[in-house]
Amino acid sequence: MEVGSGSNSQCSPGGPFNSEGSASQPQGHRQKTDIAWGYVSEGRNAQGRKTMTCTYCFKVFHGGGIHRMKQHLARVTGSVTSCPNVDPAVRLAILTLHEFVGDEVQEVPPPRIREISMNEAGTSLGKGKRKTTAPTGIRAFFKGGRDSAQPTIKVCLQSKDKWQNTDMAIALWFYDACIPINAVNSPFFQKAIDQIASMGHGYKAPSYHSLRVTLLRVAKKDVQLVVDSFRNTWAETGCTIMGDGWKDSRQRPLINFLVYCPKGISFIKSIDASDIVTNAENLCNLFVEIVEMVGSKNVVHLVTDNASNYKAAGALLNERYPTICWSPGAAHCINLILKDIGEMGTVKSLVALATTVTVFVYNHKYVLNWLRKTNGWREIIRPGETRFATTFIALKSLHDHKDSLQALVTSGDYKKFLKMNKGKEVKQIVLDDRFWNNCLITVRIMGPIIRLLRVCDTDERPSLGYVYEGMFRAITGIKKLFRSSERLYKPYIDIINDRWDRMLRKNLHATAYFLNPAFQYDTATFSTHPEITNGLLDYIESKVDWCSVENLTREIGMYRERERSFGRKLAILTSKKDRPENWWKLFGCDAPNLQKLAIRVLSQTASSSGCERNWSVFERIHTKKRNRLEHQRLNDLVYVHYNLCLQYRHNQQKRSYDPVDYESIDKTEFWVVEEEQEGELDYEELEEELEELPIHGQCSNSEQLED
């Protein structure tokens, strides 16, 4: 975990950590490698005695050594007073790297920051009591235990039967408790085994009550330190509050709140709205509570559902906090566009024909086995009931199997199915060139929109800076496909514009588009529509309160004309390759006010997908066996489960493509549901195939879709 530079104004004497993980030291202090030295200044008093001063609270200590200063910075109670101003990231680093045996960690809220209310459920374990056991929690969990890569001699000399019995004991526990097998992939699984082995013979597992109450409380307090360490990032880059509602298995209305920043998503809390009338005023009060927890100066964007009460609550919140923008989730808006297009008469009839073929194939084992024996066969993707994009992905998947299906219905093995009406109908559909051409055209129409959905639906990279351009690209692509014939493209463009105007046409998206160098410096495709400039100026006048408008407008001209640091050759070359917020950190130094604005805007997400994915966590924890859990304990379980990912997220394997890599966005295949090695739709081949179609034939097919 990177814990180096804290943004606290009181920690200027404390330097960042070097590559070895220790604080940088002047010459003559090579032996002082403890990270705490970076936040301690040495001196002597009037009597010539050595003193140490905390660079956060400036308290002077006369003796005790660096260990005493670490207790002070880590807020360990007992023999030393706790530092009230220590940076949460520094405190977490000291707690993680050092064990304080026999001491108790004091929970003192950081200065000028309101503590998150979940601590009410995780109260401290009896003040004033001295602990005689080793520290518990995540910091000791990662610190202790034997290195699994270095087994002991005793383990190496064990017989195969001993190994087999041990493995079987773990396996039987999994089978008996119905634990998912993929639980062994958890980074905490092997750590737990190592900890048990380090205890030796006779260790007794924690009780039901300990896991349910005591240990959960301690784990939550430790996870809280990880979340608090993100506050510096929230202050620097801004953050997005994501809120979404759902109903659990007992039909209780619950609302999840998470905070997004480029370092990761943090789960804040879940609210049981059973006793709350979810009108605009009450929802606004809930939003205000979350905003105060995170810090109103840190929040740039609020993303919620598009229901009328959420929309009205967002307007009320904007009146109370003028610098915060509200918008519905972009992924939800795009899904509704796909739904509306899927309900068009011509598209619906095309999908019905494709469904007839797919259902027939999977309902007849002989037909399915025949197809599976063909070279390069892959399963046909079938439409989902709630994911509207799968309808068009299914059309693409079926089009990929055109040759195999036509070979099937013309083979001698298929003759026995011609006695069935469905068999005859399927053969007629598969041999109809108009059906395949219409599938091809529909795939081409939906390609840009599916790409934008994949961009907006990711949590790996900030996506706000790509929404406006994605819509512009989709509309332009549809017009180009229909040779700019308004009669043909108008039904599709009207659906897109209707959703865009009602849901996502915000000044925030126009500002993000203007400040994204990947688009600003692409003169061939950058849109100069007055709406973009007006949206930028409106956003500055209504949302920016930390500098004068005159300074910002001067720096905007510098950025647009590529002057000073913006005119560097390296700045132009990397404008499409670097993440836009990182590009601004490097090349925006000559325009500090615009740099701050750009980083805060381009570091945000456009959707509340993190909330939607969090429902699966709730469902996994809130099973029928646990349906009597009170909501607070359920909230604590999800809080610990979700935020534990922040500890090891950087170790998780990422997908092979960057979902918001503008340089390769047209080269990457976005149709596949998951990454696969072969059989993807070749965009260039598809384009060549369309160009080979006669113009008259293409228009007639398009008219068929239209009619």
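Here, every reference points to the structure presented above.
Calculation rules
Each chain has its residues counted from 1, following the order in which its sequence is written. Predicted model: local features are reported for residues with pLDDT of at least 70 only, side-chain atom pairs are reported and counted for 80 or more only, and whole-chain, interface and lining totals are derived from all residues. Calculated side-chain values reflect all of the structure's heavy atoms, with hydrogen atoms and water omitted. Helix and strand definitions follow DSSP, with helices as H or I runs of at least four residues and strands as E runs of at least two, each counted in order from the N terminus. Each accessible area is a Shrake-Rupley result for a 1.4 Å probe, and residues are judged covered by the shown protein chains and nothing else. Contact criterion: two residues are considered in contact whenever any of their non-hydrogen atoms come within 4.5 Å of each other. Under the pairing criterion, centres of Phe, Tyr and Trp rings, with the six-membered ring standing for Trp, must be within 6.5 Å; the plane angle then separates stacked pairs below 30 degrees from edge-to-face pairs above 60, leaving the rest tilted. Relative accessibility decides the category of a residue: with a 1.4 Å probe and only protein chains considered, values under 20% of the type maximum give buried, values over 50% give exposed, and everything between is partly exposed. In short, DSSP must find at least two bridges between two strands for them to pair. To get an axis, fit a line to the C-alpha atoms, keeping to the stretch in contact for a helix; angles then go from 0 to 180 degrees between the N-to-C directions. What makes a salt bridge here is a side-chain nitrogen of Lys or Arg within 4 Å of a carboxyl oxygen of Asp or Glu, nothing more. Note on angle classes: values under 35 degrees are labelled roughly parallel, values over 145 roughly antiparallel, values of 65 to 115 roughly perpendicular, and the remainder oblique. We call a crossing left-handed when the near helix sits turned anticlockwise from the far one by less than a right angle, and right-handed when that turn is clockwise. Gly is put with the polar residues, along with every residue not named as nonpolar or charged; the nonpolar set is Ala, Val, Leu, Ile, Met, Phe, Trp, Tyr, Cys and Pro, and the charged set is Asp, Glu, Lys and Arg. The term disulfide is used for any two cysteine sulfur atoms that are within 2.5 Å. Residues belong to one nonpolar core when they are buried, are Ala, Val, Leu, Ile, Met, Phe, Trp, Tyr or Cys, and are joined through side-chain atoms within 4.5 Å.

Let's talk about the overall build of the chain
So, point 1. The helix and strand tally for the chain stands at 31 helices and 10 strands.
So, point 2. By element, 51% of the accessible surface of the chain is carried by carbon and sulfur atoms, the whole surface being about 35500 Å².

Points about the side chain of Arg-600
So, point 1. Topologically, Arg-600 is positioned in helix 26 (residues 592-602).
So, point 2. In this structure Arg-600 touches Ala-235, Glu-236, Thr-237, Gly-238, Lys-297, Asn-298, Val-299, Val-300 and Trp-546, once residues within four positions along its chain are discounted.

Looking at the packing of aromatic side chains
So, point 1. Under the criterion given, the structure shown has 27 aromatic pairs.
So, point 2. Ring plane angle 85° and centroid distance 5.8 Å describe the contact between Tyr-466 and Phe-519, whose orientation is recorded as edge-to-face. Of this pair, Tyr-466 sits in the loop between helix 17 (433-456) and helix 18 (467-481) while Phe-519 sits in helix 21 (residues 517-520), and the two are 53 residues apart along the sequence.
So, point 3. Tyr-466 gets classed as buried once you look at its relative accessible area, which sits at 7%.
So, point 4. Where Tyr-468 meets Trp-500, the ring centres are 5.6 Å apart and the plane angle is 75°; that geometry is what we call edge-to-face. In this pair, Tyr-468 sits in helix 18 while Trp-500 sits in helix 19 (residues 486-504), placing the two residues 32 residues apart along the sequence. Each of the two residues, Tyr-468 as well as Trp-500, counts as buried.

Brief notes about the pairing of strand 7 (residues 253-261)
So, point 1. Buried residues dominate strand 7, accounting for 8 of its 9 residues.
So, point 2. In terms of strand pairing, strand 6 (residues 239-247) meets strand 7 through 8 bridges, oriented antiparallel. Looking across to strand 7, one finds that Ile-241 is bridged to Val-259.
So, point 3. As paired strands, strand 7 and strand 8 (residues 264-272) are joined by 8 bridges and run antiparallel to one another. Its bridge partner lying in strand 8, Ile-255 is registered against Ile-271.

Observations concerning the sheet that holds strand 7
So, point 1. Read from one edge to the other, the open sheet built from 5 strands follows the order 8-7-6-9-10, with strand pairing classed as mixed. If you trace the sheet from one side to the other, it starts and ends with strand 8 and strand 10 (325-328), each paired once. Put simply, the sheet's adjacent strands are angled 20° from each other on average, direction ignored.
So, point 2. With 4 bridges joining them, strand 6 and strand 9 (residues 299-304) adopt parallel strand pairing. Paired with Ile-241 across the bridge in strand 9 is Leu-302.
So, point 3. Sheet contacts for helix 9 (residues 280-294): strand 6, strand 7, strand 8 and strand 9; angle to strand 7, the most-contacted strand, approximately 35°.

Quick look at the pattern of salt bridges
Between side chains of opposite charge, a pair can form when the charged atoms approach closely.
So, point 1. Summed over the entire model, instances satisfying the criterion amount to 20 salt bridges.
So, point 2. The shortest N-O distance in the salt bridge between Glu-425 and Lys-422 comes to 3.7 Å. With Glu-425 and Lys-422 both in helix 16 (residues 421-430) and 3 residues apart, this pair spans about one turn of that helix.
So, point 3. By relative accessible area, which is 30% here, Glu-425 ends up partly exposed.
So, point 4. One salt-bridge network, held together by shared partners, links Asp-501, Arg-505 and Glu-531.

Digging into the packing of helix 11 (residues 330-342) against helix 17
So, point 1. Where helix 11 contacts helix 17, the two axes come as close as 9 Å, and the packing angle between them is 155°. As the angle between them shows, helix 11 and helix 17 are arranged roughly antiparallel. In this structure, the crossing between helix 11 and helix 17 has a hand that is left-handed. Here Ala-330, Ala-331, Ile-334, Asn-335, Ile-337, Leu-338 and Ile-341 of helix 11 lie close against helix 17, whose contacting residues are Met-446, Ile-449, Ile-450, Leu-452, Leu-453 and Cys-456.
So, point 2. In the contact of helix 11 with helix 17, the residues fall into 12 nonpolar, 1 polar and no charged.

Remarks on the pairing of strand 1 (residues 40-44)
So, point 1. For strand 1 and strand 2 (residues 50-54), the ladder comprises 5 bridges, and the chain directions are antiparallel. If you follow Val-40 over to strand 2, its bridge partner there is Cys-54.
So, point 2. The hairpin turn running from strand 1 into strand 2, its antiparallel successor, is 5 residues long, and Gly-48 in that turn takes a positive phi close to 85°.

With respect to unusual backbone geometry
So, point 1. Located in the positive-phi region is Cys-178, a residue other than glycine, with phi close to 55°.
So, point 2. Among the secondary structure elements, Cys-178 is positioned in the loop between helix 5 (160-177) and helix 6 (187-199).
So, point 3. The backbone phi angle of Arg-483 is positive, close to 55°, even though this residue is not glycine.
So, point 4. You can see Arg-483 is positioned in the loop between helix 18 and helix 19.

With respect to the state of the cysteines
So, point 1. A full pass over the atoms with the stated rule returns 0 disulfides.
So, point 2. Here Cys-333 stays unpaired: no disulfide links it, and the sulfur of Cys-456, its closest cysteine neighbor, is 9.0 Å away.
So, point 3. On the accessibility criterion, Cys-333 (0% relative accessible area) is buried.

Notes on the nonpolar core
So, point 1. Ranked by internal contacts, the top residues of the largest apolar core, which has 101 residues, are Ile-341 and Trp-584.
So, point 2. With 12 residues, the single largest contributor to this core is helix 17.
So, point 3. Beyond its immediate stretch of four places on either side in the chain, Ile-341 contacts Val-347, Phe-392, Met-446, Ile-449, Tyr-492 and Ile-495.
So, point 4. Within the second largest apolar cluster, 68 residues are counted, among which are Val-90, Cys-239, Val-294 and Trp-326.

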